[in-house]
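# Commentary on secondary and tertiary structure
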Amino acid sequence: MSLSSPEAAFRTRRRKSCERCGEQIPPGKLQTALVPDSSRVDPHDFARHGQRLVYACGDEHMAQLVERARRDWVDAQWWFGLLCQASRSAGQAPLAELARQARLSEAQVDAALAWNAASPHPLRRLPGGQPC
């Protein structure tokens, strides 16, 4: 078997760790799921907006990861991410235009900006240069 053969690549892959307990997941026990994540806005794959992939070593840990992800979802954080994404592609467009592009209501934009202001490291400007 050469180092470039598929068997060698399969054997040298690192095993995943359970995101709940941190233990390496034994072969055949890996569980994966897409869970809600309000911090994820994927600029390249709109189908994965608001989701992230998690790894678990069993049913109980997967259930706990899914429950934590659901509990930790923050609408205003999600809206702020959508506003930032719209800002990246809109340049110096006014906030009202960003809201329209992101399909956010005025109340959602207000909540998103309030969430940012209250976060530990708030942005002062959106990626397109608009003040927050």
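It should be noted that the structure appears before, not after, this text.
Here's a quick rundown of the structure. Quick caveat: nothing in here was measured; it's all calculated off a predicted structure. (Residues numbered from 1 in each chain as written. Predicted model: local features only at pLDDT ≥ 70, side-chain atom pairs only at ≥ 80, totals over all residues. Heavy atoms only, no water.)

## So, the packing of aromatic side chains
Scanning the model with the defined rule gives 2 aromatic pairs in all. Between the aromatic rings of Trp 73 and Trp 78, the centroid separation amounts to 5.5 Å while the plane-to-plane angle is 45 degrees, which identifies the pairing as tilted. Owing to a relative accessible area of 16%, Trp 78 belongs among the buried residues under this scheme. Ring centres of Phe 80 and Trp 115 lie 5.9 Å apart, and the angle between their planes is 45 degrees; on these two criteria the pair is classed as tilted. Taken together, the residues span a long stretch of sequence, with Phe 80 in helix H3 (residues 75-90) and Trp 115 in helix H5 (residues 106-118) at a distance of 35 residues. By relative accessible area, Trp 115 is classed as partly exposed at 27%. (Phe/Tyr/Trp six-rings, centres within 6.5 Å; stacked < 30°, edge-to-face > 60°. Buried < 20%, exposed > 50% of the residue type's maximum accessible area, 1.4 Å probe, protein only. Helix = DSSP H or I, 4+ residues; strand = E, 2+ residues; numbered from the N terminus.)

## Notes on the packing of H3 against helix H4 (residues 95-102)
Two packed helices can be described by the angle between their axes and the distance between those axes. Taken N-terminus to C-terminus, the directions of H3 and H4 make an angle of 110 degrees; their axes are 9 Å apart at the nearest point. Between H3 and H4, the interaxial angle falls into the category roughly perpendicular. In this structure, H3 crosses over H4, and the sense of that crossing is right-handed. Counted together, Leu 82, Leu 83, Ala 86, Ser 87, Ser 89 and Ala 90 of H3 and Leu 95, Leu 98, Ala 99, Gln 101 and Ala 102 of H4 form the full contact between these two elements. Per-class residue counts for the contact of H3 with H4 are 8 nonpolar, 3 polar and no charged. (Axes fitted to C-alpha atoms, helices over the stretch in contact; angles between N-to-C directions. Parallel < 35°, antiparallel > 145°, perpendicular 65-115°, else oblique. Left-handed = near helix turned anticlockwise from the far one by under 90°. Contact = heavy atoms within 4.5 Å. Nonpolar A, V, L, I, M, F, W, Y, C, P; charged D, E, K, R; others polar.)

## A few points about the nonpolar core
Judged by nonpolar contacts, the single largest core of 18 residues is most densely connected at Trp 79, Phe 80, Leu 83, Leu 98, Leu 104, Val 109 and Leu 126. Listing elements by their share of this core, those giving two or more residues are H3, H4 and H5. Sort the elements by how many residues they give to this core and H3 lands first, with 9 residues. In contact with Leu 83, not counting residues within four places along its chain, are Leu 95, Leu 98, Ala 99, Ala 102, Leu 104, Val 109, Leu 113 and Leu 126. In this structure, Ile 25, Val 35, Ala 56 and Met 62 belong to the second largest nonpolar core, which totals 11 residues. (Core = buried A, V, L, I, M, F, W, Y, C linked by side-chain atoms within 4.5 Å.)

## Some remarks on the packing of H3 against H5
Between H3 and H5, the least distance of the axes is 8 Å, while the angle of their chain directions is 100 degrees. By the angle between their axes, H3 is roughly perpendicular relative to H5. Residues Ala 76, Gln 77, Trp 79, Phe 80 and Leu 83 of H3 form the contact with H5, whose participating residues are Gln 108, Val 109, Ala 111, Ala 112, Leu 113, Trp 115 and Asn 116. Here the residues of the contact of H3 with H5 sort into 9 nonpolar, 3 polar and no charged.

## Focus on helix H2 (residues 59-72)
With 14 residues, H2 ought to run about 20 Å at 1.5 Å a step, and its terminal C-alpha atoms sit 20 Å apart, in line with that. Those residues of H2 not exposed but buried are His 61, Met 62, Leu 65, Val 66 and Ala 69. One face of H2 carries all of its buried residues, which in axial projection span an arc of 135 degrees. Of the exposed residues in H2, those oriented more than 90 degrees away from the buried face are Asp 59, Glu 60, Arg 70 and Arg 71. Those residues of H2 that are buried lie in contact with strand E1 (31-36) and strand E2 (51-56). (Expected span 1.5 Å × (residues − 1). Arc of directions from axis to C-beta.)

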